[in-house]
Structures are given as structure tokens and as C-alpha cells.
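What the coordinates show
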Amino acid sequence: MATTLHSALDRLRSTKVWRSIFRRGPASTNRTRSLAVFGNLFLHWLPVKVREKSLRVRASYYMGSITFLLFIVLVVTGVLLMFYYHPAAPNAYHDMKDLRFVVSNGVFLRNVHRLAAHLMVFAVFWHMFHVFYRGGYKPPHEFNWVVGVILLLLTLFLSYTGYLLPWDQLAFWAVTVGTNIISAMPLIGNKIRHVVLGGNIVGENALLRFYVLHVVVLPLIAFLFIAIHFWRVQKDGGLTVRPKDDDGKE
Amino acid sequence: MSETKQPPFTTVHDEGEPGNGVTRRDFLNEVTLGALGIAGLGSVAVTYQYFSPNVLFEPPTSFRVGNPDLYPVQSVTILQEQQVYIVRMPDGFYAVSAICTHLGCVTQWKPDSDQIACPCHGSKFKADGTKIEGPAPRPLPHFAISLTADGELLVDKLQTVKSGEVLKV
């Protein structure tokens, strides 16, 4: 049984179609393994080699990876929620209620999206504190720290724009208060608030603007900076490891 | 193909003023960068214009609030929709904003304690908008209030007036 499966896989690997997609042959040597990573769009910005000690849970608690995983969860659940949501008043509130009480599994998706968003903010902060206390911002990682700060701001903006979308009292007043903080800025504050809200009050324009920011603009920017963030880790020589953990083992 | 003789770019000088150090490449670079800069500023300006709506579907800022007789003397009445207090004191009428000057919450009139209170962060005001306690930084503004020709009160929220001004009826 096992041998027939093996020979079937071997036959599959020798087909023209397979060889046109995976050009490197079996990953049996370090060279072909490296080439497989270089030649794959989704792997090429990850390091070819990772030191075992940087994979220890204590080295990072995987908080960066968990943040990315939560981001993917948010993209998937968010896209699914978009199929039932109209960014208009008063539909938005009713759609949110429908997702909770009418749509099959809607309450599950909505809650996964909401909880993953809360957890992502938590994971981002844990990741940041961990990098900070490990000295992970020191040369040559300074630029990646800056990219990380941009990603932190993007996470917070994504949370804030998403907060308005249920269009309930909590959302309305949170955004009323938040955008009034903008107008405390001298000279340009009121103008910025007017442009952010698309008016003088939190109304339909504001809902639509926050929606477009939340589902298109901010996620696209976040994707770009996540790619830079990961790629930079590789270019800067992998994760920082505490001297205490650096026992010479590869 | 015949060989064309062309001096290297870096040694081409402006022929009008020989030897002033500005090469044709420098000149073209600066002109191009300048043009791109102007175009960039222009696109920022038109994008800002695009994002500032010209027509708003918001509640009217100027509205009639009915006959003066509707409001008894020594009373504070909130108009929930317009978010304004119509205050009638013995010396006349004035209109006070119901929006807290701290962060924009709608305040409430508390008849028991004779004060306007904000539910969000606890600011308190007198009926004439004077601040009793923070975190609100400013007193509640007064809006222009007038009588129409047919004897109705008219409030204009775009016009703020000094707190001393009252409408005598």
C-alpha cells in the first residue's frame, strides 16, 4: 500500500505539469531545499535557514506569528461578513442584527471577527513589548522597529474604523468622541475632522468612509508593511536571541 | 550606420553661459522635479477638495422652534432633534447648545439640581451654559435666536452670540 502510494507520488512528480510548477526536484539536499524557498513567492521572504533557538517558545512566544495568523483570520471572516453588510444607515445596524440572529452561523463569524480583532491588538502589544525588552530594536533592526510602529498604528486604525460599522450607540458615540479629539488639533483640526467624517456629524458619509478605510485601504497598506516586516527580519539576520539562550547550538 | 559624434552628457554645458557649471542634465532634472512637485501639490489639493463634500444631508442648522407661548417663563426645554436648549428667563429667550464642549456628547437638563450635565465625562453647566465643572474646556455657546414675521422663534446654529444677549418678547 505504502509502496504504491510512493510510486504514484513519484509518477506525479515526474509529470511535465508538476515539473513546470516545482522546478527544483525533491528537497533532498540543502541546496535544493534553499532553491525551493527562493523559488516560491510565499516562502521567498522567509529565511532559508532558521536557528533552532529562535524557534523556542521563549524566544518570541510566537506573538508576531500569532498576530499575523489573527490578521489572516480577520481578513477571511471580514470578507465573509461583507456579503451581508450594507454600509448605509440604517441598514448597517439591521445587517449587524441579522448577522447575529438570522444568518446561519453569522453570530459565530461576527464574534470570531470581533474577538480576533481584540486579540490582535493584545498580541501586537505583547509582540512589541517582547521585542523592546529583548532589545530587538537595536542595530541592524532599527528600520524594522519603525515598520513595526507603522503596523501598530495600522492595527489601531483598523480597530477604530471597524468600531463604527455596527452603527449602534456605542459605535456612534465612540466615533463622535474620537473625531472630536481630532478637532482639538490647532488650526487644521476642524478641517481634518470634516474630511474624515465627510460632514459635521457622524452620519452616512462617515459610515461609508470608515467602511472603505476598514475593508480596502488600511488592509492593503497593512499587507504591504507586513511583507516588508517579514522580509526585513530575514535581511537583518533573523530574530534576536537573548545572549542567555545563545548556547552555541544551531 | 554612420557614426554620430556626441560629447558625453556630463560635459554638455549651457551654450549661452559657458562654464557656469549647470549641465543640461541638471537643468532638465530640476525642471522635471519642479513640474512633478507642482503636479504633486496640485493632486493633493484636488484630492482634498474631492473628499470635502459640497452638499450635506444633515439636519438644518437654522430652524423654527414654535411660538414663544410654548415655553413657560423660567424654563429650560431641550429640543432633542436639533440638540439645543430653549431657555426662557424673566428677561427673555436664549438658545444654548446641548453639545458638550469637551468631546461632543449630548448633554441633559437636570431639573432637580438646576443644571445641565454631560453623561459622557461628567461636565456640568448652568442653564445659561456657564461651566460649573470640567472636563469641558469652555461654556456652552449661545446661538442666535430671533422672531420671524409671523411670530415664531427662529434659531440659527451657525451664528453664535454672546451669552448676555437675550431675545425680549
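Residue numbers restart at each chain and count upward from 1, following the sequence in its written direction. All chains are assigned letters beginning with A, and all ligands numbers beginning with 1, in the order in which they are written. Local features in a predicted model are, by the rule used here, given only for residues with pLDDT of at least 70; side-chain atom pairs are given and counted only at 80 or more, and totals for whole chains, interfaces and linings are based on all residues.

1. Notes on the overall build of chain B
- Under the scheme used here, helices are H or I runs from DSSP no shorter than 4 residues and strands are E runs no shorter than 2 residues, and both carry numbers assigned from the N terminus. Broken down by element type, chain B carries 1 helix and 10 strands.
- Mapped in sequence order, the helices and strands of chain B form the string α-β-β-β-β-β-β-β-β-β-β.
- With 169 residues in all, chain B has 19% of them scored as buried.
- Sequence separation of at least 24 residues holds for 37% of the intrachain contacts in chain B that already meet a minimum separation of 6. Here the C-beta atoms are placed from the backbone, and a residue counts as buried if at least 20 other C-beta atoms lie within 10 Å of its own, exposed if 12 or fewer do, and partly exposed otherwise. Here, residue contact means that the backbone-derived C-beta atoms of the two residues sit within 7 Å.

2. Considerations on the nonpolar core
- If you look at the biggest cluster of nonpolar residues, it comprises 21 residues, and the most contacted ones within it are Val84, Tyr85, Ala95, Val96 and Ile145 of chain B.
- Where this core is concerned, the elements lending two or more residues are strand E3 (84-89), strand E4 (92-97), strand E9 (142-147) and strand E10 (153-161) of chain B.
- If we ignore the near neighbours within four places in the chain, the residues touching Val96 of chain B are Val84, Tyr85, Val87, Asp128, Gly129, Leu140 and His142 of chain B.
- Buried Ala, Val, Leu, Ile, Met, Phe, Trp, Tyr and Cys residues whose C-beta atoms connect them within 7 Å together make up a nonpolar core. Residues Leu99, Trp167, Ala171 and Val215 of chain A belong to the second largest nonpolar core, which totals 17 residues.

3. Topic: the domain arrangement of chain B
- Those domain boundaries reflect an automatic or database domain assignment. Split into domains, chain B comes out as domain 1 (9-51) and domain 2 (62-161).
- Computed from C-alpha coordinates alone, the two centres of domain 1 of chain B and domain 2 of chain B are separated by 57 Å.

4. Remarks on the sheet that holds E3 of chain B
All names here are of chain B.
- Whether two strands pair comes down to DSSP finding at least two bridges between them. Strand order in the open sheet made by the 6 strands is E1-E10-E9-E4-E3-E2, with antiparallel pairing throughout. Edge positions in the open sheet fall to strand E1 (62-64) and strand E2 (75-79), since each of these has one partner strand only. Pairs of neighbouring strands in the sheet enclose a mean axial angle of 30°, with direction left out of account.
- The pairing of E2 with E3 spans 5 bridges and is classified as antiparallel. Note that in E3 the partner of Leu79 across the bridge is Val84. Fitting a line to C-alpha atoms yields each axis, with helices limited to the stretch in contact; the angle taken between N-to-C directions then spans 0 to 180 degrees.

5. A short note on the interface of chain A and chain B
- Contact with chain A, which involves 13 residues of that partner, is made by 10 residues of chain B.
- Secondary structure elements with two or more residues in the side of chain A that touches chain B: helix H9 (169-182) and helix H10 (189-197) of chain A.
- Sorting elements by how many residues they give to the side of chain A that touches chain B places H9 of chain A first, with 5 residues.

6. Remarks on the pairing of E3 of chain B
All names here are of chain B.
- Burial within E3 is extensive, with 5 of its 6 residues counted as buried.
- In textbook terms, the turn of a hairpin is the stretch between consecutive antiparallel strands, and for E2 and E3 this stretch comprises 4 residues, one of which, Gln83, has a positive phi near 55°.
- Relative to E4, E3 runs antiparallel, the two sharing 6 bridges. By the bridge assignment, Ile86 is partnered in E4 with Ala95.
- Counting the residues in the hairpin turn of E3 and E4 gives 2 residues.

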